[in-house]
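# Analysis of the macromolecular model
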Amino acid sequence: MQYTEFAPHPALAPYIDAYWTAAGDVGGVQTEKILPDGCIDIIFNIGPDCLSESNSFLLNSGQAYLIGTMTRFKETLMTPESRLLGIRFKPAAFTVFYEYPSLEKLTDTTVAFDGKFVPDIKKVLKYAVEYLDHFFLKKLTKPARSILPIISGIQAAKGQVSVKALAEKYFTTTRQLERAFNRQMGISPKEFISLVRYQTTFREIRNNTTQKSLLQIAFECGYYDHSHLSNDIKRYTGVAPAQL
């Protein structure tokens, strides 16, 4: 797969992770694994109709889709003709631009997104990043009671923090945190903490230049034991830690 990212306008950078394009390789049909990252994406199928999510979901040509926060890996089929264009929002930042009442129902799901709410694909193809920046700068509204500072806190702690500790730090209750995360992300704070811890561990395993044991990495990243780490890695990636 040929994958390219483009940075958004600096004013959008706290909320939009990247604009991106993906195209199939000329060598033939390939299955690409997409790992969970805590983000919500809008994608456009700018190529012919294609199958996604282990060949179970049809992406119609010219249609925009909303990809909910993922809690497990997905596999998508890329043919030589496949062409996708996307906007990836940082965790909990989708609601800076859109009011979507049921993000928890969107988790691990792909749904068609009404064209009147998304950038004009013809202008995207003609003006690219310049038009996307213009479109989202106009939609930028900082919501009250955003959980973005809490998201940053979890990431800074590398997922080694409890929901109770977060509630105390940000002067709220665990129940209010649950509601806010479900509303702004579609997943619970506990699930996001687990996701951030996995992401930290994934990087540690992939960049293990000092030859640490998996058990040592497990303890350093906040897991109870090797089995606890392995179960999380398998859930998010579909493979054992040794296969990363």
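The structure contained in this document is the topic of the report that follows.

Parameters and conventions
Residues numbered from 1 in each chain as written. Predicted model: local features only at pLDDT ≥ 70, side-chain atom pairs only at ≥ 80, totals over all residues. Heavy atoms only, no water. Patch = residues over 30% accessible without salt bridge, like charges linked within 9 Å, V, L, I, M, F, W, Y side chains within 5 Å. Areas by Shrake-Rupley, 256 points an atom, 1.4 Å probe, with all protein chains shown as cover. Salt bridge = Lys/Arg side-chain N within 4 Å of Asp/Glu carboxyl O. Lys, Arg positive; Asp, Glu negative; His and termini not counted. Charge placed at Lys NZ, Arg CZ, Asp CG, Glu CD. Helix = DSSP H or I, 4+ residues; strand = E, 2+ residues; numbered from the N terminus. Core = buried A, V, L, I, M, F, W, Y, C linked by side-chain atoms within 4.5 Å. Buried < 20%, exposed > 50% of the residue type's maximum accessible area, 1.4 Å probe, protein only. Contact = heavy atoms within 4.5 Å. Axes fitted to C-alpha atoms, helices over the stretch in contact; angles between N-to-C directions. Parallel < 35°, antiparallel > 145°, perpendicular 65-115°, else oblique. Nonpolar A, V, L, I, M, F, W, Y, C, P; charged D, E, K, R; others polar. Phe/Tyr/Trp six-rings, centres within 6.5 Å; stacked < 30°, edge-to-face > 60°. Lys NZ or Arg CZ within 6 Å of the ring centre and 35° of its normal. Arc of directions from axis to C-beta.

This next bit is on a positive patch on the surface. Judged by side-chain charge, Arg 145, Arg 175, Arg 179 and Arg 183 come together as a positively charged surface patch. Locating Arg 145 in the fold gives a position in the loop between α3 (129-139) and α4 (148-156).

Within soluble globular proteins, side chains that are nonpolar tend to cluster in buried spots. The biggest cluster of nonpolar side chains holds 54 residues, and the ones touching the most others in it are Ile 42, Tyr 98 and Phe 136. For this core, the leading source of residues is helix α7 (residues 189-206), giving seven residues. Setting aside residues no more than four positions away along its own chain, Tyr 98 makes contact with Ile 42, Phe 89, Phe 113, Phe 117, Val 118, Phe 135, Phe 136 and Lys 139. Core analysis: the second largest hydrophobic core is formed by nine residues, Ala 22, Leu 59, Tyr 65 and Ile 67 among them.

Pairing of side chains with opposite charge becomes possible as their charged atoms draw close. This model, assessed by the stated rule, comprises eight salt bridges. A salt bridge links Arg 88 to Glu 5, with the shortest nitrogen-to-oxygen separation between them at 2.6 Å. Of the two residues, Arg 88 is situated in strand β9 (residues 83-89) and Glu 5 in strand β1 (residues 2-6); the sequence distance between them amounts to 83 residues. Since its relative accessible area comes to 8%, Arg 88 is described here as buried. A salt bridge links Glu 220 to Lys 212; its shortest N-O distance comes to 2.9 Å. Salt bridges sharing common partners tie together Glu 191, Arg 197, Asp 232 and Arg 235.

On to the packing of α7 against helix α9 (residues 226-237), then. Relative orientation of the contacting elements α7 and α9 amounts to 100°, with a least axis distance of 10 Å. With respect to α9, the element α7 is oriented roughly perpendicular. Residues Glu 191, Ser 194, Leu 195, Arg 197, Tyr 198, Thr 201, Phe 202 and Ile 205 of α7 pack against His 228, Leu 229, Asp 232, Ile 233, Arg 235, Tyr 236 and Thr 237 of α9. In the contact of α7 with α9, the residues fall into seven nonpolar, four polar and four charged.

Moving on: the packing of aromatic side chains. Centre-to-centre distance and the angle between the planes together describe a pair of aromatic rings. Counted according to the given criterion, the structure contains 18 aromatic pairs. Aromatic side chains Phe 94 and Phe 113 sit 6.5 Å apart centroid to centroid with 50° between the ring planes, which places their arrangement in the tilted category. Taken together, the positions of Phe 94 in the loop between β9 and α1 (103-106) and Phe 113 in the loop between β10 (110-112) and α2 (121-127) put the pair 19 residues apart, joining distant regions of the chain. Grouped by ring-pair contacts, the aromatic residues Tyr 15, Phe 89, Phe 94, Phe 97, Tyr 98, Tyr 100, Phe 113, Phe 117, Tyr 131, Phe 135 and Phe 136 constitute a single cluster. Lying over the aromatic face of Phe 73, Lys 33 brings its terminal NZ or CZ to 4.9 Å of the ring centre.

Moving on to the environment of Leu 195. Within the element layout of this structure, Leu 195 appears in helix α7. Distance from Leu 195 to Met 70, taken between C-alpha atoms, is 9.6 Å for residues 125 residues apart in sequence. Those residues within four positions of Leu 195 in sequence are excluded, and the remaining contacts are Pro 36, Asp 37, Gly 38, Met 70 and Tyr 236.

Here we come to helix α6 (residues 174-184). For α6, every residue scored as buried is listed here: Leu 177, Ala 180, Phe 181 and Gln 184. Seen end-on, α6 carries its buried residues on one side only, within an arc spanning 95°. Along its buried surface, α6 packs onto α1, α4, α5 (163-169) and α7. In the stretch just after α6, Gly 186 is the one whose phi turns positive, near 95°.

Before going further, it helps to spend a moment on unusual backbone geometry. At Lys 158, a position not held by glycine, the phi torsion is positive, near 55°. For Lys 158, the position within the fold is in the loop between α4 and α5.

In short, the description is geometric, and any link to function would need to be established separately.
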